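Here is what each chain is made of, one letter per residue.
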Amino acid sequence: MIEKYLIEHCSPTLANLKTANLFSFKVSDIKTLKESIRAWNYELNEKGIYLSLLNVKNNLALVYVYRRKKLEEDLKKDGVGEILNIYGYKNTNIYYAINTLKERLNFSDNFPHEIGLFLGYPIEDVKGFIENLGKNSKCSGCWKVYSNECEKIKMFNKFNKCKKVYSMLFNGGRSISKLAVGI
């Protein structure tokens, strides 16, 4: 059930090129989804990859796939705590931060702008997005870019190539467990 989404949306995270990815899809049975996430965690946690159900609204599930070690490092970067504090996060402990993000998603009609920090987006682009209300970006790909656009375009191309290669390998019979790079 989830395999297609992992390959289509999370290849850069599986390949250890990116901290995290998100995907959403229509779900009819939450219990089955939670069991599937539990099974994938059992299989992928040893490689440092974790899945978390962030929220479900109108039968649309939002699943977060992340590399715990990378996320811990990202949340400790200069300026991240200050941005998160603005949005009500009391600290940058990974479990606390993810739970706070879940709460913000569940109790708000708007998508929280700080989510870019959980996806490994550069802090300057997250700040730029917040300060410019999502406008005036220099370019966009996986996210809206506000600085170092040449570097980010190269990164986006790398992510896209990864997705193509992973899709080809997966469609050729390679399992997600084999494609997931260990820590």
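In what follows, the structure referred to is the one given above.
Computed from a predicted model, the values in this text were never measured in an experiment. (Residues numbered from 1 in each chain as written. Predicted model: local features only at pLDDT ≥ 70, side-chain atom pairs only at ≥ 80, totals over all residues. Heavy atoms only, no water.)

Would you mind showing me how to read the overall build of the chain here?
Assigned secondary structure in the chain consists of nine helices and five strands. Here the chain has a C-alpha radius of gyration of 16 Å; the compact-globule value for 183 residues is 16 Å, and the two agree. Projected onto its principal axes, the C-alpha positions of the chain cover 45 × 35 × 30 Å. Relative to its 183 residues, the chain shows a buried fraction of 43%. Restricting the contact set of the chain to residue pairs at least 6 apart, pairs at least 24 apart contribute 56%. With the model as given, the accessible surface of the chain reaches about 10,100 Å², and the carbon-plus-sulfur share is 50%. Each charge class in the chain can be summarised by its mean position, and for the 29 positive and 19 negative side chains these summaries are 4 Å apart. (Helix = DSSP H or I, 4+ residues; strand = E, 2+ residues; numbered from the N terminus. Rg over C-alpha atoms; globule rule 2.2 N^0.38 Å. Buried < 20%, exposed > 50% of the residue type's maximum accessible area, 1.4 Å probe, protein only. Contact = heavy atoms within 4.5 Å. Areas by Shrake-Rupley, 256 points an atom, 1.4 Å probe, with all protein chains shown as cover. Lys, Arg positive; Asp, Glu negative; His and termini not counted. Charge placed at Lys NZ, Arg CZ, Asp CG, Glu CD.)

I tried to follow the pattern of salt bridges on my own but got confused; where do I start?
Charged atoms that come close allow side chains of opposite charge to pair. A full pass over the atoms with the stated rule returns five salt bridges. D74 serves as the salt-bridge partner of K77, at 3.3 Å between the closest nitrogen and oxygen. Overall, the relative accessible area of 11% leaves D74 in the buried class. With a shortest N-O distance of 3.2 Å, K152 and E124 are connected by a salt bridge. Taken together, the residues span a long stretch of sequence, with K152 in helix α8 (residues 149–171) and E124 in helix α7 (residues 123–131) at a distance of 28 residues. (Salt bridge = Lys/Arg side-chain N within 4 Å of Asp/Glu carboxyl O.)

Any chance you could explain unusual backbone geometry here in plain terms?
Leave glycine aside and you will find that most residues have negative phi; peptide bonds, for their part, are mostly trans. You will see that N136, though not glycine, has its phi angle at about 65°, which is positive. The residue N136 is located in the loop between α7 and β4 (139–140) in this model. If you check the backbone angles, N148 has positive phi at about 50° while not being a glycine. Along the chain, N148 falls in the loop between β5 (144–145) and α8. According to the relative accessible area criterion, N148 is partly exposed, its value standing at 42%.

What's the story with helix α1 (residues 3–14) in this structure? I'm lost.
Residues lying three or four places apart along an α-helix face the same way, a consequence of the helix completing one turn every 3.6 residues. Along its 12 residues, α1 runs just 12 Å from first to last C-alpha, ending more than 12% under the 16 Å computed at 1.5 Å per residue. Along α1, the residues that are buried comprise Y5, L6, I7, C10, S11, P12, T13 and L14. For α1, the elements touching its buried residues are β1 (20–26), α2 (30–44), β2 (49–57), β3 (60–67), α8 and α9 (176–179). Positive backbone phi, approximately 65°, marks N16, located one or two places after α1. (Expected span 1.5 Å × (residues − 1).)

Mind showing me how you'd approach the packing of aromatic side chains here?
Aromatic ring pairs are described here by two measures, namely the spacing of the ring centres and the angle between the planes. By the definition in use, this model includes nine aromatic pairs. Judged by centre distance (5.9 Å) and plane angle (40°), the ring pair of Y89 and F118 falls under tilted. With Y89 in the loop between α4 (80–86) and α5 (94–106) and F118 in helix α6 (residues 115–118), the pair connects residues that are 29 residues apart, well separated along the chain. Each member of the aromatic cluster is reached from another via a ring pair, and the members are Y121, W143, F156 and F159. (Phe/Tyr/Trp six-rings, centres within 6.5 Å; stacked < 30°, edge-to-face > 60°.)

Where do I start with the nonpolar core in this structure?
Generally speaking, a soluble globular protein has its nonpolar side chains buried in company with each other. Counting residues in each nonpolar core, the largest one holds 25 residues, and the members touching the most others are L6, F23 and L51. When contributions to this core are tallied by element, the ones reaching two or more residues are α1, β1, α2, β2, β3, α8 and α9. Considering each element in turn, this core owes the most residues, five residues, to α1. Ignoring anything within four residues of it in the chain, the contact list for L6 reads S11, L14, F23, W40, L51, V65 and I176. Of all hydrophobic cores here, the second largest spans 23 residues; its members include I83, A97, L101 and V126. (Core = buried A, V, L, I, M, F, W, Y, C linked by side-chain atoms within 4.5 Å.)

What exactly am I supposed to notice about the pairing of β1 here?
Consecutive side chains of a regular strand alternate in pointing toward one face of the sheet and then the other. The element β1 is extensively covered by neighbouring structure, given that five of its seven residues are classed as buried. In this structure, β1 lies alongside β3, joined through seven bridges in antiparallel fashion. Paired with N21 across the strands is V65, a residue of β3. (Pairing = 2+ DSSP bridges.)

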